[in-house]
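# Tertiary structure, described
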Amino acid sequence: MLAWTIYVSFLGALAARLAPSKQAARVLALLAALAGLALSLVALAHWQSGQFVSVVDVPWIPQLGIDYHLAADGISLTLLLLTGIAATAGILFSWNIEHRTQEFFAFFLVLIGGVYGVFLSFDLFLLFVFYEIAIIPKYFLIAIWGSVPRGATGENAGAQREYAAMKLALYSFAGSALVLAGMVAAWTVSGGQTLSLEGLSQYAFPAHFQMWAFPMVFVGFAVLAGMWPFHTWAPTGHAAAPTAASMLLAGVVMKLGAYGCLRVAMMLFPAGLDPWGFHVLGFGSWRDVFAVLALIGIVYGASVALVQRDFKFVIGYSSVSHMGFVLLGLMTLTQIGLDGAVLQMFSHGVIAGLLFAVVGRMVYDRTHTRQLSELSPMQLAHVIPFAAVTFILAGMASIGMPGFSGFVAEFQVLVGTWRALPWMVAIAGVGILVGIAFTWRALTTVFFGEAPAAGAGHTEHPLPPITLPEKLGSLLLLAATLIVGLYPRILTDLIVPSLNSPLFEGLRKGVWR
């Protein structure tokens, strides 16, 4: 049944492209997204703790040991739920698209189908194919429908969109090249008989092989997860993307990279995390290296967000910071840290999607500016109060306020870090404090700025009211972060048994704590 999340998305893309009208394309796309979300929710309702479900397993290229193998465990199901929520909300926030509407929703659903495919693939080659399918539509969504700062028109606007789209694509394909090299190496070393993730996870790769294969594959995926210093595509891509594409980039596409780090690099090459036996610049293992890079990403992303003047860049750099918590949680190699990392993937996907929806759709599409200095005198809290309330709630979730999913996820990551790498907790805490500062600055400046002095030349113009699709999309995302925040067991009961499954046995035998 879960395989139909992929098929419905691709069929929905075809139906939207061939739709006779723009409204029909919108409705068909929404129905496809809702169907994917419904299938994930039905699976969740019938899921048993620790369950592993093989959905489809048939030979595809038997000469190379490649199968069309779709399966799911609790980690996969968690991210399938995230994808369904993000896809549905993204379409609701794209209800205003008028330019080449049918093509927009077709590209949107192809991307969603590719994301579903990555999370369900249990053959390494199949995962790579879906991974590439998800990359291609991102370029067109940004290059054709992307947003640009006020004043950019004609060829200049097109050039800015194409620059951001090409930068994202080049970074993605560069990372993919590393993943492909690691995949070929794993296939060769294992005897060239299979690329099944189950089979490869049980194969005893030589320790020296894992020591160089692990960092290569991990970095290949971490590029898409926004790991510092390979993060620069992310803020640029987020800022240039249309609202729905920004929501997907932050919500699910960056999670493809983090998922690959866990599912492929760490699951297949766990010995790559073992100590080297010597130290270089104070680093004694790849675990130390990537933990420090994650920590830098947390503080750097938050610090740069604090000084941004473009509203969308504030949220773009905040995503780099929050994804740093995902990578830090992975590097703790503790059960609670890894659980927090996967939970943070879900939490950040929902919260970042909501923040980009407010910035891109509710604010920018109405005011036609993203500059904080231009937004400040508009008194948006009075003009579009729904947007202000939504941003307040999303901001509270983003900074880890108890009751929201962000608190549970980041708390687990910090506990895991304290157990494994205690000196890093204080630095990560600085990142959280800076995150509170940039969220407060953006909130007060944009929605509660000082009114211009009388006679200053500012004329108040009424803005279009928040539409019903926007309200429904906001409520969906807010409900997701609140439900998980108030009852985290709905996801942790999926994630923890999967981490304790035979698939991660090699990781548990190593430096697992």
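About the criteria used
- Residues numbered from 1 in each chain as written.
- Predicted model: local features only at pLDDT ≥ 70, side-chain atom pairs only at ≥ 80, totals over all residues.
- Heavy atoms only, no water.
- Helix = DSSP H or I, 4+ residues; strand = E, 2+ residues; numbered from the N terminus.
- Rg over C-alpha atoms; globule rule 2.2 N^0.38 Å.
- Contact = heavy atoms within 4.5 Å.
- Areas by Shrake-Rupley, 256 points an atom, 1.4 Å probe, with all protein chains shown as cover.
- Lys, Arg positive; Asp, Glu negative; His and termini not counted.
- Charge placed at Lys NZ, Arg CZ, Asp CG, Glu CD.
- Axes fitted to C-alpha atoms, helices over the stretch in contact; angles between N-to-C directions.
- Parallel < 35°, antiparallel > 145°, perpendicular 65-115°, else oblique.
- Left-handed = near helix turned anticlockwise from the far one by under 90°.
- Core = buried A, V, L, I, M, F, W, Y, C linked by side-chain atoms within 4.5 Å.
- Buried < 20%, exposed > 50% of the residue type's maximum accessible area, 1.4 Å probe, protein only.
- Pairing = 2+ DSSP bridges.
- Salt bridge = Lys/Arg side-chain N within 4 Å of Asp/Glu carboxyl O.
- Expected span 1.5 Å × (residues − 1).
- Bend = angle between axes of the 7 residues up to and from the residue.

Here we take up the overall build of the chain. Helix and strand counts for the chain come out as 21 helices and 2 strands. What you see for the chain is a C-alpha radius of gyration of 22 Å, in line with the 24 Å of a compact globule of 513 residues. Taking the principal axes of its C-alpha atoms as reference, the chain extends roughly 75 × 55 × 45 Å. Contacts spanning at least 24 positions in sequence make up 80% of the contacts within the chain whose residues lie at least 6 apart. Carbon and sulfur atoms make up 68% of the accessible area of the chain, which amounts to about 18200 Å² in all. Taken as two groups, the 23 positive and 22 negative side-chain charges of the chain have centres that lie 5 Å from each other.

Now for the packing of helix α12 (residues 311-332) against helix α17 (residues 405-420). Two measures define how a pair of helices packs: the angle their axes make with one another and the distance between the axes. Contact pair α12 / α17: the axes reach a minimum separation of 9 Å and the direction vectors enclose 40°. The orientation of α12 with respect to α17, classified from their angle, is oblique. At the point where α12 passes α17, the crossing takes the left-handed sense. Across the interface between the two elements, H322, F325, L328, G329 and T332 from α12 touch E410, V413, L414, G416, T417 and A420 from α17.

Glancing now at unusual backbone geometry. P229 follows W228 through a cis peptide bond whose omega is 5°. Of note, R100 is a non-glycine position whose phi angle comes to about 50°, a positive value. Looking at the element boundaries, R100 is found in the loop between α3 (74-92) and α4 (101-120). The backbone phi angle of H368 is positive, close to 60°, even though this residue is not glycine. With respect to the helices and strands, H368 occurs in the loop between α13 (335-367) and α14 (372-375).

Before going further, it helps to examine the nonpolar core. Nonpolar side chains tend to gather and get buried jointly when the protein is soluble and globular. Formed by 186 residues in total, the largest nonpolar core has its most connected members in F218, M266, F311 and F447. For this core, the element with the highest residue contribution is helix α10 (residues 243-268), accounting for 19 residues. Apart from the residues within four sequence positions on either side, M266 is in contact with F214, F218, C261, L273, L330, M331, L333, L338 and L507.

Sheet topology note: the strand β1 (residues 53-61)/strand β2 (residues 66-72) ladder contains 7 bridges and is antiparallel. Each residue of the ladder has a partner; that of I61, found in β2, is I66. In this antiparallel pair of consecutive strands, β1 and β2, the connection spans 4 residues, and G65 shows a positive phi of 75°.

Applying the stated criterion to the full structure yields 9 salt bridges. Ionic pairing is found between E103 and R100, a salt bridge with its closest N-O pair at 2.7 Å. Taken together, the shared-partner salt bridges connect R361, D365, R366 and E470 into one network.

Moving on, we get to helix α8 (residues 207-222). Counted at 1.5 Å a residue, the expected span for α8 with its 16 residues is 22 Å, and the 22 Å between its end C-alpha atoms agrees. At A213, α8 shows its largest bend, some 25°, and a proline, P215, comes one to four positions later. The set of residues buried in α8 consists of F209, Q210, A213, F214, P215, V217, F218, V219, G220, F221 and A222.

In short, geometric facts, not functional conclusions.
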